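In case you want the letters, here they are:
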Amino acid sequence: CQRERAPVRIEVDVDGVPAYAAVAMPSGLSRDGASSVYHRFALSAGTHRIAVRLKDSAGGGGFDYSREANVTLKPAQVLVIDFDDDQGGIALS
């Protein structure tokens, strides 16, 4: 059986505007390990609409997970977008 995992595709929109898109290959010699993405960008303090879409399956079709939320950022606050399937998918914290 093939052990290789599908690449992970992620897209992030801020206030309805595409802000980030990436494809992360699985780690490991057999490409069967975790995929990780790190990207940092600055947003002004205030309320923003964040939309996150993630695809981690092979083949066509749309995204496997999505999350939209309004977040209110304070000056110098850090917002982390994370994924944990056991916790329901995409988390904004």
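Scroll up a little and you will see the structure.
Residue numbers restart at each chain and count upward from 1, following the sequence in its written direction. Since the coordinates come from a predicted model, pLDDT governs what is reported: local features require at least 70, and pairs of side-chain atoms require 80 or more to be given and counted, while whole-chain, interface and lining totals use all residues. To get the side-chain values, take all heavy atoms of the structure and skip hydrogens and water.

A. A look at the environment of A22. By the secondary structure assignment, A22 is in strand 2 (residues 17-24). Considered as a pair, A22 and G89 are 67 residues apart in the sequence and their alpha carbons are 18 Å apart. Contacts were defined at the residue level, with two residues in contact if any of their heavy atoms lie within 4.5 Å. When sequence neighbours within four positions are dropped, the list of residues in contact with A22 reads V8, R9, I10 and V37. The helix count covers DSSP runs of H or I at least four residues long, the strand count covers runs of E at least two residues long, and both are numbered beginning at the N terminus.

B. Inspection of the layout of surface pockets at higher detail. Roughly 1,000 Å³ of volume is contained in the largest pocket. Breaking the lining of the largest pocket down by element, the ones donating at least two residues are strand 1 (8-14), strand 2, strand 3 (46-55) and strand 5 (81-84). Among the elements that line the lining of the largest pocket, the one with the most residues is strand 1, at four residues. Each residue gets one label: Ala, Val, Leu, Ile, Met, Phe, Trp, Tyr, Cys and Pro are nonpolar, Asp, Glu, Lys and Arg are charged, and the others, such as Gly, are polar. Partitioning the lining of the largest pocket into residue classes produces 25 nonpolar, five polar and five charged. Cavity and pocket criteria rest on a 1 Å grid covering protein atoms alone: a 1.4 Å probe that fits but cannot get out defines a cavity, protein on both sides within 12 Å along at least 5 of 7 lines defines an open pocket, and an atom within 4 Å of a point defines a lining residue. Grid points are joined across faces, edges and corners, and a volume is the space filled by probe spheres set on the points.

C. The side chain of D13, seen in detail. The topology assignment puts D13 in strand 1. Beyond its immediate chain neighbours, meaning those up to four positions away, D13 contacts P18, A19, R49, I50, A51 and R53.

D. The arrangement of unusual backbone geometry in detail. With a phi angle near 55°, D15 is a residue other than glycine that sits in the positive phi range. Tracing the backbone shows D15 in the loop between strand 1 and strand 2. Of note, A76 is a non-glycine position whose phi angle comes to about 70°, a positive value. Along the chain, A76 falls in the loop between strand 4 (65-73) and strand 5. Burial here depends on accessible area, computed with a 1.4 Å probe over protein chains only, as a share of the maximum for the residue type. Under 20% is buried, over 50% is exposed, and the range in between is partly exposed. A76 gets classed as exposed once you look at its relative accessible area, which sits at 82%.

The quantities given are spatial measurements derived from coordinates; they are silent on function.
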